[in-house]
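If you want the building blocks of each chain, they are given just below.
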Amino acid sequence: AYTQCARRSLLEWRSFLVANSISDLKDKILNTHQKPVRAPTKAQRLGFVFTGQGAQWHAMGRELSRYSVFHSRILESDLFITKLGAEWSVIEELEKNEKESRINESLFSQTLCTVVQMALVDLLASWGIRPHKVIGHSSGEIAAAYAAGILPAESAIKAAYFRGVYSSAKDLLSANGGMMAVGLSEEEAKKKIAALDPSTGKAVVACINSPTSVTISGDRLALHNLSQSLHDEGIFARSLKVSTAYHSHHMDLVADDYAQSIADMRVDPVSDIEMFSTVTGALVTATDVLGPEYWRKNMVSCVRFNDGLQSLCTSQPNAKRARRRAGVTVDILLEIGPHAALAGPVKQILRVAALEKAEISYQSVLSRGQDACETSLQAAAFLFAKGLPVKLSKINDPDNIAKPQVI
């Protein structure tokens, strides 16, 4: 592997295998027909897409702690949340088995997801994998801002930790709220909501995930009645396993207190990596301040992921509006999170008229129930085959143990 990666010319046709032993390698060479691909001659533009809440699972990213860069971010985050007042440990929670894990409680999941995403950003950077553009779905925006260099590490962790604290407040949990995934456009969903009996409560479009997929949030009785109506019409509707109506009027109960808790966070508005907001659905400019008020809006506002990702794929970088030309401005989208939860919405968005012929590739770093080292190496090798300058020696020999000898 060392010789192939460091002592051979990088030719345009490329292929790869990920193996964890000699016997595994032999088996895959004999039984895996990995089709070689031709690396593009032009530089590839990479976009990072950060997963929001709901994709977490107990062992997410666990195996990557063998890489010192990844482990260091986990350790530093663990120490910092203790300073913030946490009575639990990031490391201990990520090492628990499925039965003992509290990963699905918002008090833990908000922080743990962001910390793992930040550790992935650091690890990928050590491999030479850096994004040109970033976007985050809901709380995924915190890690996206970290990747763009807008939020320093401690500010990002603080935003995630206190989001978890206030999302698990008793008043919020007792408000009898819920969420539901629905196979409708934003406009169609709003019409269905408007037809509800007001006496059953209030519901709103909480997330616009793609042109044909939304999440509706609000009072549980209103959601129940809407679900029955949609099922009668043969429209997809599935209740989510959450006890909080995120991105709805319910979050107003804690939003101001949340903003106050992060009032002293540091923000660096200067970045050479473009971030696209899912609060506004547009590019974050130098005049936008991603401080406490922005994260308060992120908590209560509709997630405009569909608009944001379309903007990311088509907005020209560093160009005056008058000179902007039509066309796609990203070649590969890499999902950074516990699982490929956004694969469906991303692929639906890439089928819209402006993008359907662009052939934008998608890949995820982690996948639920799979070894994080294997899925991460698969993603890195995929990017290498696509022509990105991935440092394969850093992947195969992170601690620089296998030093070559002159014989």
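In this report, we go over the structure that sits alongside the text. (Residues numbered from 1 in each chain as written. Predicted model: local features only at pLDDT ≥ 70, side-chain atom pairs only at ≥ 80, totals over all residues. Heavy atoms only, no water.)

## Some words on the pairing of strand E11 (residues 361-364)
Where strand E10 (residues 332-336) and E11 come together, 4 bridges link them in parallel fashion. Counterpart to Ile332 in the pairing with E11 is Ser361. Once you follow E10 into helix H14 (residues 343-349) and on to E11, the crossover reads as right-handed. (Pairing = 2+ DSSP bridges. Helix = DSSP H or I, 4+ residues; strand = E, 2+ residues; numbered from the N terminus. Right-handed = clockwise from strand over helix to strand, strands pointing away.)

## Some remarks on the packing of helix H11 (residues 252-261) against helix H12 (residues 292-300)
It is at 9 Å that the axes of H11 and H12 come closest, and there the two elements cross at 160 degrees. As summarised for this structure, H11 and H12 are arranged roughly antiparallel, according to the angle between their axes. In this structure, the crossing between H11 and H12 has a hand that is right-handed. Contacts from Asp252, Val254, Ala255, Asp256, Tyr258 and Ala259 of H11 reach H12 at Pro292, Trp295, Arg296, Met299 and Val300. (Axes fitted to C-alpha atoms, helices over the stretch in contact; angles between N-to-C directions. Parallel < 35°, antiparallel > 145°, perpendicular 65-115°, else oblique. Left-handed = near helix turned anticlockwise from the far one by under 90°. Contact = heavy atoms within 4.5 Å.)

## Points about the environment of Met60
Within the element layout of this structure, Met60 appears in the loop between strand E3 (46-50) and helix H3 (68-84). Remark: the alpha-carbon pair of Met60 and Glu95, spanning 35 residues in sequence, is separated by 9.6 Å. Once residues lying within four places of it in the same chain are set aside, the contact partners of Met60 are Leu94, Ile103, Leu112, Cys113, Val116, Pro338 and Leu366.

## Some thoughts on the packing of aromatic side chains
Counted under the stated rule, the structure contains 5 aromatic pairs. Measuring from centroid to centroid gives 4.8 Å for Trp88 and Phe108, while their planes differ by 65 degrees, and the two rings are edge-to-face. Of this pair, Trp88 sits in the loop between H3 and helix H4 (90-95) while Phe108 is found in helix H5 (residues 106-126), placing the two residues 20 residues apart along the sequence. Accessibility expressed as a relative area gives 4% for Phe108, which makes it buried. Both rings, one in Tyr161 and one in Phe162, keep their centres 5.1 Å apart while their planes meet at 75 degrees; by these two values the pair is edge-to-face. The exposure class of Phe162 is buried, given its relative accessible area of 15%. It is Arg14 that lies over the ring of Phe384; its NZ or CZ is 4.6 Å from the centre. The ring of Tyr67 has Arg66 lying over it, and the distance from NZ or CZ to the ring centre is 5.7 Å. (Phe/Tyr/Trp six-rings, centres within 6.5 Å; stacked < 30°, edge-to-face > 60°. Buried < 20%, exposed > 50% of the residue type's maximum accessible area, 1.4 Å probe, protein only. Lys NZ or Arg CZ within 6 Å of the ring centre and 35° of its normal.)

## Notes on the side chain of Ser277
Here Ser277 lies in the loop between strand E9 (274-276) and H12. Accessibility expressed as a relative area gives 1% for Ser277, which makes it buried. Those residues in contact with Ser277, other than ones at most four positions away along the chain, are Glu141, Ala282, Val284, Tyr294 and Gly308.

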